[in-house]
Amino acid sequence: MITHIIASQLSTAKIKEYESASKIIVKPSWIVDSINQKKLRPTKDYALFNKNSISNMLLNNNNNTIINNSSSSIINNYKIPSTSNTNNNNNKSIKSNVRNNLINKNEHIYLHEVATSNTLSKNELNKPIEEYNKIENNKNIEEEEEEINKSLETKWDVNHSSIAPNFIANYYENSRLHYLSLWRNKLKSIINSRSKNKQKTKKHFNETKFVMHVDMDCFFVSVGLISRPWLVDKPVGVSHSSGKNSSSDIASCNYIARSFGVKNGMLKYLPLIYQLYYIRIFHAKKLCPKIEIIPYEFENYEKATTLLYNILIDNSDNIQAVSCDEAYIEIWLPNTGNEEAEILQKAKYIRSEIKKVTECNASIGISTNMLLARLATKKAKPNGEFYISSKNSIEYVQQFSVTDLPGVGWSIENNILTIILTLLLKNINTCKDLQRLSLSTLQKDFGKKNGEKLYNLCRGVDNRNLNSENNERKSISAEITWGIRFSNNDQFKAFINEISKEVSQRMENESKKGQKLTIKLKIKKEDAGKPIKRLGHGSCKNVSKSINLNTYIFKQEDITKHSWNIISNLNLDPKVLSV
DNA sequence: ATCCTCCCCTAC
DNA sequence: TAAGGTAGGGGAGGAT
Ligand SMILES: Nc1ccn([C@H]2C[C@H](O)[C@@H](COP(=O)(O)OP(=O)(O)OP(=O)(O)O)O2)c(=O)n1
Ligand SMILES: [Mg+2]
Ligand SMILES: [Mg+2]
Ligand SMILES: [Mg+2]
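Just so we're clear, the structure is a prediction, and the values are computed from it rather than from any experiment.

**As for the environment of Lys561**
Line of reasoning, step 1. Among the structural elements, Lys561 can be located in helix H21 (residues 556–569).
Line of reasoning, step 2. As for Lys561 and Ile496, which are separated by 65 residues in sequence, their C-alpha atoms are 9.3 Å apart.

And the structure:
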């Protein structure tokens, strides 16, 4: 019930914490503006899709037809990316006038130099400094550092940082993670409103339920290779920058690149100075010097997504949207005694349709629950289908590593590893080992719910139904953690105003209002070095502050006002906002 | 007990 | 050069 002074909510200890944080070099390195939804106004059907500007096909949603044109005769209509014609010899399909414009932009296609390098799991960025191999008094390093210092001041940085005009729009147009979230929300919204209706009318007598998990193979790469067939046998990754010593994320890499150890989300390259300092961070060029980098094609991903979902709609009894390249579908088959062969046949058919229509490969995992279907996809990839019987599932699941389990990532894996090492004196981490830990042990270490979840997951037990969770959106937020560089309070405030506008628009698009406002900030740590990523946030401490307003708001000026109110109460010294 | 705030974690 | 978003589950620990 706090409406104004944030500090009044804080314990003394916490106030101190914020004060000291604000004195550390304090730079808000990212800002999040978020409004939790507690109530929505009467919603016009599909208002979201009519208003949004980003796309065509995903958004051309007439009433109940989720996505139109769901027959397999669709022409996929991919846009030919202008940069795909950089291979002069092989690509006959590109018009010559287009080619002439772009012939000098070849650098991202040929990357054969052997880079002196090293990969990153983003979590490793947060490891304590002592885990890195610090090298001092090295002249070359210092020189390079000098260069990096200089480069940080370049015009490019200024033009792309948070004080540049149109920063937010430009940023979102190029952020793959933004698109991932945007598309996921839209798909969930479309699919959820549809599957509800369907479930009501369906009853199943003498039928067996199967769950399929459908996921495109190296999605961004597969789409990008449609117009670059000469690269299909080479290691390929999708990334923004193509320069040989530039550093950017690889969003997706193909299976050839993966055979070298390259992974989605890995840095394309890590500058030499960071390689020496962060010896645990790998990068693609080190693992696979010949990796070819191709650019993003967001419009075409969206088209492929539309085509994919249309096929799934036509071939299932229920769908749960997961992401732009992935969904669970439910299929009921009559009990004939031959269901397993039939469901495999069905999967083959769906995969062939996807291939035919999208020109990309999909893989399908099949079982009787979502978890086992998800695990089956791991066996199915690439370009295959795989069925896991529920009969021997407890034994079958033993072969998977704990990170294969959905919900188990880097942190939980490490915790499990520690426990297994302590209790079982083993240094491996499979579901077989996890099955040896008791429910109470797991609950003691991971909490009541998480412990139970782990206990069930490692046995292949999953009682979720498709779309069983409450489908209503609970929050709407906008956040940017890249390019945030302020030199004074006015710039900071202007940014808050802009991001509030973004949040406001998103709320208006869904005819929603919110009552709880949360601000999230990243504050540079005292000992943080230069960010590894250009214009990145580097090592930061996260702070979040929320207030429960007495009223529901959605207007930009209200969001801005309350947001700035919160921020002011954090007592950030304007000077610490400088870079 | 239950709720609330401020986190951390995970997924794509 | 280069675009590190976002929603939701859940735990710790304090307030009610
Ligand atoms: N760290 C990540 C992970 C994924 N993606 C994007 C690019 C991927 O192509 C797409 C789908 O993610 P998947 O996890 O399904 O990975 P892929 O489809 O690339 O490979 P696969 O599914 O074959 O393992 O999401 C991303 O930008 N960054
Ligand atoms: Mg995929
Ligand atoms: Mg996927
Ligand atoms: Mg996992």
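Still more to cover.
**With respect to the coordination of the magnesium ion (ligand 2)**
Line of reasoning, step 1. The coordination sphere of the magnesium ion (ligand 2), as far as protein atoms go, consists of Asp215 (OD), Met216 (O) and Asp325 (OD), spread over 1.9 to 2.2 Å.
Line of reasoning, step 2. Because the angles between the six donor atoms bound to the magnesium ion (ligand 2) fall within 77 to 179°, the donor set is best described as octahedral.
Line of reasoning, step 3. Each donor residue of the magnesium ion (ligand 2) lies on the same chain, and together they follow the pattern D-M-x108-D.

**Some words on the nonpolar core**
Line of reasoning, step 1. Judged by nonpolar contacts, the single largest core of 49 residues is most densely connected at Met212, Val214, Tyr301 and Ile350.
Line of reasoning, step 2. No other element matches helix H12 (residues 298–314), which puts nine residues into this core.
Line of reasoning, step 3. Other than its neighbours up to four places away in sequence, Met212 contacts Ala327, Tyr328, Ile329, Ile331, Ile343, Lys346, Ala347, Ile350, Ile364, Gly365, Ile366 and Ala373.
Line of reasoning, step 4. If you look at the next biggest cluster of nonpolar residues, it comprises 30 residues, including Ile168, Ala478, Val503 and Ile519.

**Topic: the coordination of the magnesium ion (ligand 3)**
Line of reasoning, step 1. The coordination sphere of the magnesium ion (ligand 3), as far as protein atoms go, consists of Asp215 (OD), Asp325 (OD) and Glu326 (OE), spread over 2.1 to 2.4 Å.
Line of reasoning, step 2. All donors of the magnesium ion (ligand 3) belong to a single chain; written as a sequence motif, their spacing is D-x109-D-E.
Line of reasoning, step 3. Of the residues examined, Glu326 reaches a relative accessible area of 12% and is grouped as buried.

**Quick notes on the confidence of the model for chain A**
Line of reasoning, step 1. For chain A, per-residue confidence averages 78 on the pLDDT scale, and 72% of positions sit at 70 or higher.
Line of reasoning, step 2. Strand E8 (residues 362–367) holds the highest mean pLDDT among the elements of chain A, 99, whereas helix H3 (residues 96–102) holds the lowest, 20.
Line of reasoning, step 3. Segment residues 88–144: pLDDT under 50, and 107 contacts once partners within four positions in sequence are set aside and those in other chains are kept.
Line of reasoning, step 4. Confidence metrics for the complex model read pTM 0.82 and ipTM 0.99.

Reading the values: rules and limits
- Residues numbered from 1 in each chain as written.
- Chains lettered and ligands numbered in written order.
- Predicted model: local features only at pLDDT ≥ 70, side-chain atom pairs only at ≥ 80, totals over all residues.
- Heavy atoms only, no water.
- Helix = DSSP H or I, 4+ residues; strand = E, 2+ residues; numbered from the N terminus.
- Donors = N, O, S within 2.8 Å, 3.2 Å for Na, K, Ca; no water.
- Tetrahedral: all angles 85-135°; square planar, octahedral: opposite > 155°, others 65-115°.
- Core = buried A, V, L, I, M, F, W, Y, C linked by side-chain atoms within 4.5 Å.
- Buried < 20%, exposed > 50% of the residue type's maximum accessible area, 1.4 Å probe, protein only.
- Contact = heavy atoms within 4.5 Å.
- pLDDT = per-residue confidence, 0-100.

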